[in-house]
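Chains, contacts and geometry: an overview
Single-letter residue listing:
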Amino acid sequence: MSTSVGPAARAGQALGDAPEETLPEETVPPSLRQVLLRGAKGSLQAALAISVALQASTLGLFLPRWLKDLLFDGGGFWFDTLLVWALIGFCWALLGRLWWSFGAVAALALVLGVVTLVKIPLRREPVYPSDIDFLREPGFLTSMVPLPLLILGGLAVGGVLVAAARIGRRMQQRWPRPRLWALPRRQALAVIGLRLGVLALTGVMLLHAFQFNHQGNAWRGLYEARGESWRYWNQTTNYRSNGFIGGFLYNMPTEAMAAPASYDAEVMARLADRYTAAAERINATRDGSLADVNVVLVLSESFTDPTELEGFELERDPIPHTRALMARTTSGHMLAQMYGGGTANMEFETLTGQSLRLFRPQMLSPYQMLVPGERDYPSAVGWFRAQGHRAVAVHPYRVGMYKRQQVYHRFGFQEFVHDTTLPGARTIDDNPFISDASAFDEVLRQIDDSEAPLLVNLVTMQNHIPVTDNYPDPIGVEGVSGGQAERIGQYARGLEHSDAAFADFLDALDGADEETIVLFYGDHLPGIYSSDTQSANDGLRLHRTPFLVWSNRAEKNVVREVPITSPAFFLPLLYEVADAPVPPYLALLDEVREHVGAMAQGRLLDTSGDPVQPEDLDDETKQLLADLRLVQYDFSIGERFAVDRMWPGSVVTNP
């Protein structure tokens, strides 16, 4: 093949290494127009292939329902392809090599697709933009995903990049790529101008895409033009029906809440008056106090009641002590936001009384996306500190997970005990996570060493996935076999250890002179169940976890079964058990709880635990939810007009 290349062809080749067919020696080299057309065609084909691969990672590509949504009812797949094409064009203009651009975009898509394939079975959700935070915790990633799989994924990404580079090099050998300085001045300027133009155009397109949730965004308008419906209550469905990239962009960071139309200082003053009066009515009948009482909030990682699930049977009850305790205290079930995850969100709701339902759907994790950006944040931590308590957080794991170190500082915790500062940390058998018994021992040590009453927020880790091969004596399982039986049996054995540790913890408190009240709850079901088991447990079964409120003063442990509720309503329940006076904010939460049993993104339950639509609520309930929305906006990203009156002391001013 002739190595001589015409000026027009050389100008086109400066744009990149477009694939070409072998040319006979007498064939005229391709013109600039041919290079551009073939490059555009090749990049569009690559964009289509990458979009198909991303969609396949949601495990719904070949289901007729999703194909109909993607290809006919809406335009999500086609707009996904357009965005991928723009990204390839941006890389081509930037790098000047088409095949390298293919490789870079394909490698990025491979990472997103593999993460989604791993994440959906564990948590029933795809990858989110906020998941990039987990790159700061490589230890956590290796504990969740087997190291060989991570290595294989890294090799695959590297392989894509190497393959692209090799193909590009071969193309360059067949059609040498001249340097800009070797071109005539006019042609060099034309090539530079063209690349800069493509770079600017595609750059603006991509930048606008990252502003997907801004009002009037053109990309979002395209996705919604044919009637796309954002299924925020089920993000896997959202990605399947609106396109992988459309779903991903929908979850880009945005303001936590839209400002309610009636929000201003005068409205908040009237709300403060209304709920100050409500608190006075509640407090008129209460004789207790939490002024000198230790308050311990225990979020028990993945603590559930597996005997409530269909599809298998355990050879024995793994939580007999907790079950017996629930039968003689205020107890019930909590509505977990997610299956297989959401720990930090349940902790956030408990400590703040704020519901994720009232935030925008894109507020997937306030711990990652909201609280760290504030100088301080209203919470039970500040409130109890204002009442004379010392605030301690205990989490026997890495401080960077869900940005807890920053979040706890914003809340006002005075001490944070974690994996490297927990004295006497122990594990059980081959379980790599610190045991619940060690965590409870630390709470007892804190109580013994403190002259002031404590607020302790404990988040355990013992039952975090993976659970495979943790114990030599898993509980027997019938009805399932193989790896499913092994995972359930191992998990149930871990629950048994937690159940015994919790019972020992309460026994130690029961004989203490200091009064202590304990709120105990599980955060979510573990992501260990097969698709068949999940299908057999529809409705709320995969979103129900136990909770109870216990006092070491026996007379306060009144038997009461509470309808399914949300962690945002835990604080009023705790105050009710303690028979203690509440501030106006907790009075508002208590009134909402009397009308709405539980709420989460995509779910609203009445006080009987039945699903209800917002439009079917009575006027009083609608007004209460509107009031709560105003207060949550005011407390979170608003002007905080009412904080000092409704929850005095809840904001700790940090240096």
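Residues numbered from 1 in each chain as written. Predicted model: local features only at pLDDT ≥ 70, side-chain atom pairs only at ≥ 80, totals over all residues. Heavy atoms only, no water.

**Side note on the overall build of the protein**
When you go through the protein residue by residue, the secondary structure sums to 24 helices and twelve strands. For the protein, buried positions account for 56% of its 655 residues. Of the contacts formed within the protein by residues at least 6 apart in sequence, a portion of 76% connects residues at least 24 apart. When the accessible surface of the protein is summed, it comes to about 27,400 Å², and 57% of that surface belongs to carbon and sulfur atoms. (Helix = DSSP H or I, 4+ residues; strand = E, 2+ residues; numbered from the N terminus. Buried < 20%, exposed > 50% of the residue type's maximum accessible area, 1.4 Å probe, protein only. Contact = heavy atoms within 4.5 Å. Areas by Shrake-Rupley, 256 points an atom, 1.4 Å probe, with all protein chains shown as cover.)

**Concerning the packing of helix α22 (residues 584–595) against helix α23 (residues 619–636)**
Look at α22 against α23: their axes get within 10 Å of each other, and the N-to-C directions meet at 145°. In this structure, α22 meets α23 at a crossing whose hand is left-handed. Here α22 contributes Tyr585, Leu588, Leu589, Glu591, Val592 and His595 to the contact with α23, which in turn contributes Glu620, Thr621, Leu624, Leu625, Asp627, Leu628, Val631 and Phe635. Of the residues belonging to the contact of α22 with α23, the class tally is nine nonpolar, two polar and three charged. (Axes fitted to C-alpha atoms, helices over the stretch in contact; angles between N-to-C directions. Left-handed = near helix turned anticlockwise from the far one by under 90°. Nonpolar A, V, L, I, M, F, W, Y, C, P; charged D, E, K, R; others polar.)

**Things to note about the pattern of salt bridges**
Under the counting rule described, the total for this entry stands at 25 salt bridges. Across the pair arginine 270 and glutamate 266 runs a salt bridge whose closest N-O atoms are separated by 3.2 Å. Taken as a pair, arginine 270 and glutamate 266 lie in helix α12 (residues 265–283) at a separation of four residues, close to a single helical turn. Under the relative-accessibility criterion, arginine 270 is labelled partly exposed at 45%. For the salt bridge of arginine 493 with aspartate 473, the shortest nitrogen-to-oxygen distance reads 3.2 Å. With arginine 493 in helix α19 (residues 482–510) and aspartate 473 in the loop between β6 (454–459) and β7 (477–478), this residue pair connects regions lying 20 residues apart in the sequence. (Salt bridge = Lys/Arg side-chain N within 4 Å of Asp/Glu carboxyl O.)

**Structural notes on the nonpolar core**
Counting 87 residues, the largest nonpolar core has Leu290, Phe359, Tyr367, Phe411, Ile517, Tyr575 and Met646 as its most contacted members. Sorting elements by how many residues they give to this core places α12 first, with eight residues. For phenylalanine 359, the contacting residues outside a window of four places in its chain are Ala256, Met257, Phe348, Gln354, Pro366, Leu370, Tyr377, Gln601, Gln632 and Ser636. Val298, Val394, Ile475 and Phe520 belong to the second-largest nonpolar core, a separate cluster that totals 45 residues. (Core = buried A, V, L, I, M, F, W, Y, C linked by side-chain atoms within 4.5 Å.)

**A short note on a nonpolar patch on the surface**
Nonpolar side chains collect at one region of the surface, where Leu44, Leu48, Trp78, Leu82 and Trp85 lie side by side and expose about 400 Å² of accessible area between them. For the nonpolar patch, the secondary structure elements donating two or more residues are α2 (32–56) and α4 (76–95). Considering each element in turn, the nonpolar patch owes the most residues, three residues, to α4. Along the chain, tryptophan 85 turns up in helix α4. Taking the relative accessible area as the measure of exposure, tryptophan 85 reaches 31% and is therefore partly exposed. (Patch = residues over 30% accessible without salt bridge, like charges linked within 9 Å, V, L, I, M, F, W, Y side chains within 5 Å.)

**Observations concerning the confidence of the model for the protein**
Do not read the predicted coordinates in detail wherever pLDDT is low. On average, the protein scores 88 in pLDDT, and the residues at 70 or more come to 87%. Contacts from residues 1–29, a stretch scored under 50 in pLDDT, to residues over four places away or in other chains number 79 contacts. (pLDDT = per-residue confidence, 0-100.)

**Observations regarding the packing of α4 against helix α5 (residues 98–123)**
The N-to-C vectors of α4 and α5 enclose an angle of 135°; their axes lie 8 Å apart at closest approach. What the angle tells us is that α4 and α5 run oblique. The two elements α4 and α5 cross, and the hand of that crossing is right-handed. Together, Val84, Leu87, Ile88, Cys91, Trp92 and Leu95 of α4 and Leu98, Trp100, Ser101, Phe102, Val105 and Leu108 of α5 make up the contact between the two elements. For the contact of α4 with α5, the class distribution of residues is eleven nonpolar, one polar and no charged. (Parallel < 35°, antiparallel > 145°, perpendicular 65-115°, else oblique.)

**Description of helix α14 (residues 343–352)**
The element α14 is extensively covered by neighbouring structure, given that ten of its ten residues are classed as buried. Along α14, the residues classified as buried are Thr343, Ala344, Asn345, Met346, Glu347, Phe348, Glu349, Thr350, Leu351 and Thr352. Positive phi appears at glycine 353, one or two residues downstream of α14, with a value of about 75°.

**Some remarks on the sheet that holds strand β8 (residues 516–522)**
Strand pairing in a sheet relies on backbone hydrogen bonds, with the paired strands running either antiparallel or parallel. Overall, mixed pairing links the eight strands, which are arranged β5-β4-β6-β1-β8-β9-β3-β10 in an open sheet. Edge positions in the sheet fall to β5 (415–417) and β10 (560–565), since each of these pairs with one other strand and no more. Across the sheet, the mean angle from the axis of one strand to that of its neighbour is 15°, orientation sign disregarded. Where strand β1 (residues 294–300) meets β8, seven bridges bridge the pair, whose relative direction is parallel. Paired with leucine 299 across the strands is tyrosine 521, a residue of β8. Packing against the sheet, helix α18 (residues 436–449) makes contact with β1, β4 (390–394), β5, β6 and β8, and its axis sits at approximately 170° to β6. (Pairing = 2+ DSSP bridges.)

**Some thoughts on α22**
Relative to the 16 Å expected for twelve residues at 1.5 Å per residue, α22 spans 17 Å between its end C-alpha atoms, a close match to the ideal helical length. Counting buried positions over the twelve residues of α22 gives ten, a clear majority of the element. All of the buried residues along α22 are Pro584, Tyr585, Leu586, Ala587, Leu588, Leu589, Asp590, Glu591, Val592 and Arg593. Contacts from the buried residues of α22 go to α12, α14, β10, α21 (570–578), α23 and α24 (643–646). (Expected span 1.5 Å × (residues − 1).)

**Some words on the environment of histidine 543**
Relative to the elements of secondary structure, histidine 543 occurs in the loop between α20 (531–535) and β9 (544–551). For histidine 543, a relative accessible area of 8% gives the class buried. Considered as a pair, histidine 543 and leucine 335 are 208 residues apart in the sequence and their alpha carbons are 5.6 Å apart. What histidine 543 contacts, discounting residues up to four positions off in sequence, is Arg124, Met334, Leu335, Ala336, Gln337, Met338, Tyr339, Leu525 and Arg603.

**Here we look at the packing of aromatic side chains**
All chains considered together, the criterion is met by 28 aromatic pairs. With a centroid separation of 5.6 Å and an interplanar angle of 75°, the aromatic rings of phenylalanine 212 and tyrosine 223 are classed as edge-to-face. Highlighted residues: phenylalanine 212 in the loop between α8 (185–209) and α9 (218–224) and tyrosine 223 in helix α9, separated in sequence by eleven residues. Judged by its relative accessible area of 0%, tyrosine 223 is buried. Note on phenylalanine 502 and phenylalanine 520: the rings are 4.0 Å apart at their centroids and 20° apart in plane angle, and the pair reads as stacked. Here phenylalanine 502, found in helix α19, pairs with phenylalanine 520, found in strand β8; they are 18 residues apart in sequence, far enough to count as distant. Under the relative-accessibility criterion, phenylalanine 520 is labelled buried at 3%. Feature note: the residues Phe79, Phe212, Tyr223, Trp230 and Tyr250 constitute an aromatic cluster, connected by ring pairs. (Phe/Tyr/Trp six-rings, centres within 6.5 Å; stacked < 30°, edge-to-face > 60°.)

**Here's the deal with the environment of aspartate 610**
On the secondary structure map, aspartate 610 appears in the loop between β12 (603–605) and α23. Accessibility expressed as a relative area gives 43% for aspartate 610, which makes it partly exposed. Distance from aspartate 610 to glycine 597, taken between C-alpha atoms, is 8.6 Å for residues 13 residues apart in sequence. In this structure, aspartate 610 is in contact with Leu604 and Leu605, ignoring residues within four places of it in sequence.

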